[in-house]
Amino acid sequence: MSQLSRIRNFCIIAHIDHGKTTLSDRLLEATQTVELREMKAQLLDAMDLERERGITIKSHPVTLKYVNDKGEAYIFNLIDTPGHVDFSYEVSRSLAACEGALLLVDAAQGIEAQTVANANLAMALNMEIIPVINKVDLPSADVPKIQGQLEDILALPAEDAIMASAKVGKGIPEILEAIVQRIPKPRWADYGHTRVLIFDCVYDAYKGVICYVRVFSGNIKRGDKVVMMSDGTQTEIKEVGIFSPRQKPQDELFEGCVGYLVTNIKEVADIKIGDTITHAESPAEKMLPGYQEVRPMVYAGIYPIDTSDYEKLKASVAKLRLNDAAFTYASESSVALGFGFRCGFLGLLHMEIVVERIRREYDLDIISTYPSVVYHVIKSDGEKMEVQNPAYLPDPSEIEAIYEPTIKATIHFPSAHMGDVMALLMEKRAMIEDTETLDADRVMMTATMPLNEILIDFNDRLKSITKGYGSFDYDFADYQEASLVKLDILVNSDIVDAFSSIVHRDKAEARGRQLCEKLKDILPRQLFKVAIQAAIGGKVVARETLGAMRKDVTAKCYGGDITRKKKLLEKQKEGKKRMKQIGKVAIPQEAFIDILKTSN
Amino acid sequence: MNLQAKAVHTPPLGLYLHVPFCARACDFCNFYQEAPRRAELDRYLAGIERELQLRPIERPVDTVFWGGGTPSLLAAKDLERLGNAVLGALPQAPEEWTIEMAPSTVKADKLAVLRELGVNRISMGVQSFDPVLLDRLGRSHLPKQVYHAIDLIRAAGFENLNLDLIFAVPGQTLEAWEADLREALRQEPQHLSTYCLTFEEDTALWVKLQKGQTTKLSIEDESDYYTRAWEVLGEAGLPQYEISNFARPGFACRHNLNTWAMHEWLAYGPSASGQFGGRRWTNAANIDQWLEGVESGQMAEQEIVLLTAESMLADALVFGLRMNAGVDLEELQGCFGVPLPSTVAGLFRDLVEEGLMVQEGPRVALTLEGRLLADRIATAILEAL
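**Examining the overall build of chain A**
- Looking only at helices and strands, chain A features 14 helices and 33 strands.
- The burial tally for chain A puts 56% of its 600 residues in the buried class.
- Once local pairs closer than 6 in sequence are excluded, the contacts in chain A between residues at least 24 apart make up 70%.
- Counting only carbon and sulfur atoms, one obtains 49% of the accessible surface of chain A, whose full area is about 25,600 Å².

**Focus: the overall build of chain B**
- Along the backbone of chain B there are 16 helices and 15 strands.
- Looking at chain B as a whole, 57% of its 385 residues are labelled buried.
- Residue pairs in contact within chain B that sit at least 24 positions apart in sequence constitute 70% of those at least 6 positions apart.
- In the form shown here, chain B has an accessible surface area of approximately 15,300 Å², with 51% of it arising from carbon and sulfur atoms.

**Structural notes on the nonpolar core**
Residues and elements named next belong to chain B.
- Counting 134 residues, the largest nonpolar core has Leu17, Tyr44, Ile57, Trp66 and Phe348 as the members making the most contacts within it.
- Per-element accounting of this core gives the leading share, 8 residues, to helix α12 (residues 309–320).
- When sequence neighbours within four positions are dropped, the list of residues in contact with leucine 17 reads Tyr44, Ile48, Phe65, Trp66, Gly67, Leu82, Val86 and Tyr268.

**Focus on the interface of chain A and chain B**
- With 29 residues of chain A at the contact, the number on the chain B side is 46 residues.
- In total, chain A and chain B occlude about 3,600 Å² of area from one another, counting both sides; carbon and sulfur atoms represent 56% of this.
- On the surface where chain A and chain B come into contact, there are 21 residue pairs in polar contact (both at pLDDT 80 or more).
- Grouping the amino acids of the side of chain A that touches chain B by side-chain chemistry returns 9 nonpolar, 5 polar and 15 charged.

**What about the pattern of salt bridges?**
All names here are of chain A.
- Under the counting rule described, the total for this entry stands at 49 salt bridges over all chains.
- One salt bridge connects arginine 214 with glutamate 99, and the closest N-O pair in it is separated by 2.9 Å. Of this pair, arginine 214 sits in strand β8 (residues 208–217) while glutamate 99 sits in the loop between α4 (88–96) and β4 (100–106); the two residues are 115 residues apart in sequence, bridging distant segments of the chain.
- Its relative accessible area of 0% is what places arginine 214 among the buried residues.
- Of the residues examined, glutamate 99 reaches a relative accessible area of 3% and is grouped as buried.
- One salt bridge in this structure joins lysine 379 and glutamate 398, with 3.9 Å as the shortest N-O distance. Here glutamate 398 lies in the loop between β22 (384–387) and β23 (399–414) and lysine 379 lies in strand β21 (residues 375–379), a separation of 19 residues in the sequence.

**A short note on the sheet that holds strand β14 (residues 357–360) of chain B**
Residue and element names in this part refer to chain B.
- Strands sit in the order β13-β15-β14 across an open sheet of 3 strands; the sheet is antiparallel. Each having just a single partner strand, β13 (327–328) and β14 make up the two edges of the open sheet.
- Pairing analysis gives 2 bridges linking β13 to strand β15 (residues 363–366), with the strands arranged antiparallel. Its bridge partner being in β15, aspartate 328 is matched across the sheet by arginine 363.

**Description of the packing of helix α10 (residues 418–427) of chain A against helix α11 (residues 458–465) of chain A**
Residues and elements named next belong to chain A.
- Axis separation between α10 and α11 bottoms out at 10 Å; the angle between their running directions is 165°. Considering their axes alone, α10 and α11 lie roughly antiparallel with respect to each other. For the element pair α10 and α11, the recorded crossing hand is right-handed. Here Asp420, Val421, Leu424, Leu425 and Glu427 of α10 lie close against α11, whose contacting residues are Phe458, Arg461, Leu462 and Ile465.
- Residues that form the contact of α10 with α11 fall into these classes: 6 nonpolar, no polar and 3 charged.

**Some points on the confidence of the model for chain A**
- Considering every residue of chain A, the mean pLDDT works out to 87; 94% of them sit at 70 or more.
- In the predicted structure, residues 41–45 of chain A sits below a pLDDT of 50 and forms 5 contacts with residues beyond four places in sequence or in another chain.

**Some remarks on helix α8 (residues 310–323) of chain A**
Residues and elements named next belong to chain A.
- Taking 1.5 Å as the rise per residue, α8 with 14 residues should run 20 Å; its terminal C-alpha atoms sit 21 Å apart, in good agreement.
- If you check which residues of α8 are buried, you get Tyr310, Leu313, Ser316, Val317 and Leu320. For α8, the buried positions fall inside an angular range of 115° around the axis, keeping them on one side. Opposite the packed face of α8, turned more than 90 degrees from it, sit the exposed residues Glu311 and Lys319.
- For α8, the secondary structure elements touched by its buried residues are β16 (298–304), β17 (328–334), β18 (338–345), α9 (348–361) and β19 (366–368).

**Observations regarding a nonpolar patch on the surface**
All names here are of chain A.
- Taken together, the side chains of Met422, Met426 and Ile432 make up a nonpolar region of the molecular surface, amounting to roughly 260 Å² of accessible area.
- Relative to the helices and strands, methionine 426 resides in helix α10.
- Looking at methionine 426, the relative accessible area reads 56%, which means it is exposed.

**A short note on unusual backbone geometry**
- In the segment running from glycine 68 of chain B into glycine 69 of chain B, the intervening peptide bond is cis, with an omega of 20°.
- On the secondary structure map, glycine 69 of chain B appears in the loop between β2 (63–68) and α3 (76–89).
- One non-glycine residue with positive phi stands out, namely asparagine 126 of chain A, at about 60°.
- Looking at where asparagine 126 of chain A falls in the secondary structure, it is placed in the loop between α5 (113–124) and β5 (128–134).
- The exposed category is assigned to asparagine 126 of chain A, whose relative accessible area is 68%.

**Regarding the sheet that holds β5 of chain A**
Residues and elements named next belong to chain A.
- With respect to topology, 6 strands assemble into an open sheet ordered β2-β3-β1-β4-β5-β6, the strand pairing being mixed. Each end of this open sheet is capped by a strand with a single partner; those strands are β2 (60–67) and β6 (162–163).
- Bridge count between strand β1 (residues 7–14) and β4: 5 bridges; the pairing is parallel. When the bridges of β4 are listed, alanine 14 appears paired with leucine 104.
- Strand contacts of helix α1 (residues 20–30): β1, β2, β3 (73–80) and β4, with the helix running at about 155° to β1, the strand carrying the most contacts.

Parameters and conventions
By convention here, each chain's residues receive numbers from 1 onward along its written sequence. Just so you know, chain letters begin at A and ligand numbers begin at 1, following the order they were written in. Reporting in this predicted model follows two pLDDT cut-offs: at least 70 for local features of residues, and 80 or more for side-chain atom pairs to be given and counted; totals over whole chains, interfaces and linings ignore these cut-offs and use all residues. The side-chain values count all of the structure's non-hydrogen atoms but skip hydrogen atoms and water molecules. Where helices and strands are cited, they refer to DSSP runs of H or I of at least four residues and of E of at least two residues respectively, numbered from the N terminus. For each residue, the accessible area found with a 1.4 Å probe, counting protein chains only, is set against the maximum for its type, and the residue is called buried under 20%, exposed over 50%, and partly exposed in between. By definition in these notes, contact holds between two residues if any of their heavy atoms fall within 4.5 Å. Only the protein chains shown count as cover for residues, and the accessible areas themselves come from Shrake-Rupley with a 1.4 Å probe. Residue types Ala, Val, Leu, Ile, Met, Phe, Trp, Tyr and Cys, when buried and joined through side-chain atoms within 4.5 Å, form a set referred to as a nonpolar core. Buried area is a sum: the accessible area each of two parts loses on coming together, probed at 1.4 Å, counted once for each and added. Polar contacts here mean pairs of N or O atoms no more than 3.5 Å apart (in protein, one a potential hydrogen donor and the other a potential acceptor; neighbouring residues in sequence count only if both atoms are side-chain atoms). Basically, the charged four are Asp, Glu, Lys and Arg, the nonpolar ten are Ala, Val, Leu, Ile, Met, Phe, Trp, Tyr, Cys and Pro, and anything else, Gly included, counts as polar. By convention in these notes, a salt bridge is any Lys or Arg side-chain nitrogen within 4 Å of a carboxyl oxygen on Asp or Glu. For two strands to be treated as a pair, DSSP must find at least two bridges joining them. A fitted line through C-alpha atoms serves as each axis, taken over the contacting stretch for helices, and the angle formed by two N-to-C directions is quoted from 0 to 180°. Should an angle lie under 35 degrees it is considered roughly parallel, over 145 roughly antiparallel, and from 65 to 115 roughly perpendicular; all remaining angles are considered oblique. It is the rotation of the near helix from the far one that decides the hand of a crossing: anticlockwise by less than a right angle makes it left-handed, clockwise makes it right-handed. On a range of 0 to 100, pLDDT expresses the predictor's confidence in each residue. Any helix carries an expected span of 1.5 Å times its number of residues minus one. The arc in question is the one spanned by the directions pointing from the helix axis to the C-beta atoms. Like-charged residues are merged into a patch within 9 Å and nonpolar side chains (Val, Leu, Ile, Met, Phe, Trp, Tyr) within 5 Å, provided each residue has over 30% relative accessible area and no salt bridge.

As structure tokens, then:
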């Protein structure tokens, strides 16, 4: 028990660029846990994408040893948490592994939407929050303003905030001491049975699945027979260890510890983040709180650009799934794009990351269709169905009602842009619920809006309207009934399935017109005139005509030219074979890519 | 398949002879050509004589075509030697015998020799009557040389003259093109060939285009130049009979009609292409390689294509539809002994519906709009087959 009082588990909550990495580095240095170089190298190996985008997708726990002035030694477990809403469930599980959090705020930029979202999450978990105002030595720092924000937005006492400049090492001793003094010792240690929280996991080609865990009560060691409490799966512990920061095997993990464990389970999909592990012989009765099944919120079709890459893509998504249980896929085919997969993602960022990983790590050229949310459809005959591919939306005559997922959005922006932001929100069918003044020139707005409205360009437009100062975060909210229709694009009267989308009735016409115009620009001229139409439930709402091509002939063609000419014609024929034939119209693959790109 | 095709049709026969020498390369030309050195000329002439022996001609040849290069670069006595070699190999004199001439090489003594041999059609590469455009094309002649050459040709008694013109030259306006056409008509030729300038790889013009030193007309603009020629020449009594060819009635080039109808023709000289006995081939486009083949008796032939009845039908459609008269579908099916696939018939119905084709009885032909799209339609035919 004396051991417990010397353990602190915490995380750092911060917006991108507010100095989280620098602060972590300083804490590592100050505790002389590890040679910095080793740490960097390991993190760099983790994932290029995280580094490039300044986001954390996977947790990076590390154990630090801190000795205070009185010579008392403490074990700090720092859990670097994912920082994006797509991964908010994972974030909540990482937070749940901690008793406290450092809330890092940039002294010049102030509190951003993402900071608020994660701080609220931490408070909901009854965590102790230590505000740290970073970069106080910057000329543009405005400490009183930030203190005001802390009190007004997060109701945190401003006098408790630590002034720091992680870059120059200012405030580091105070932070270390605050971790000891203010963050409670590990909780729930006196529960009568062993309970271990899985807060993340990674796939390892040699070991199988490595679970990142926090032991709340009891202990766990190699050879233990254990139960996954969410579904009763039994398995055996093959290895336990801590992060120092490399994985270092240990004989045993005790209550209060953060570390990893390896079981017989070989697939990430069989491990559930947030699950509780207990001993098979003396099982706990109740799981640790907060467990949820993770379900994809956004779906999109992913197709190889070169149809012969299908098998390679299949292997790639299967491999990705090994390491990313939140990513789902099922094969599907499209008239326009051939064979591919309908993939499920936690959100847009998750989708972007997966698509980018397929491109980079598996060197595949792929195209993704419009992202779609999951609609709940009640048919006239009472049947309920879930639709995540517009192609499967029933005929309007068979639909009683359609429900769409909504989000609760929190938007921070300079008040000068109020008018533009309101207009954007109206356009995106938002219901504004609250507008709060953060300080003299910033406001925070909360609104409920359809998830599908933020799928395409919401964040980009918010950034451009607010000259980059706006920030945005959201929580998934409930399903609401909406007047939704399927918008089809027809080329010479044939529906091109890859361009179909589910849109709000009021926007369908404008979107149809926009798509027709774009297609007219992108499609190559054909032998014949081509009608490009947008239709809702069979009724045409927009139309463009692509004129026929005027000239495709070469002048000189004699006996000596025949062989060469034939070769050229055969080559063109082969080129056309690679195009998608929609009725009489040959559409090059690039046209699909262009249209999907320009609309995304 | 070959046997069957041959059994039902004994086609007219042509003879193409390539003279690979040029005084200099024109900026737009990618034809095989060599600088005319005496020793080379002699080796070439001897090579042709040998090649004519190696490929004996067993049935009457209807048409002879000497192309190049610049056949007229040969001196009168060389032309005579070449002509006698050809005549010696033929069972009987051809009905049409064409020679390509460059204006600056037209001389009275050469013309006299050609007349004597039986050459009865002269095709002259005028390209333009505009000195600025001629210079831009890298041609070595001036307009006045063209006029002089025509006078000499007429004086020598030739009554079947073709002039080649080039259009869509960078800097050439539509008006300038029409002016060229009208100037050509004033020379009262029996035949005109008009070629849209193409930027062939490895030509000087192509290099200029790559370097951004010259520009290319848009496809829409090019089509205006095409149709302008078709209108102007049609009204002047030289109706179009193929994409690039116009003639007074009775003066269409029979040699070329023969090739477009997928009949047979023999090939002599380096880089010449032939189609005979169920195969199509091209002689090596290199005088040394060609000579080596001729001397060893193992002809250096390249791009050999074995023809089937189906491929012949396809080619007869693709190349036949470039002619204004189009093709007789019944005749083609009978000629090659294969039926026309229903997919092609379906395509033709669509083309007729779109106004790109007309059908009268068994005969189909492209309309003006259709001819402007002849390549695209050809691709569609190959897809449908």
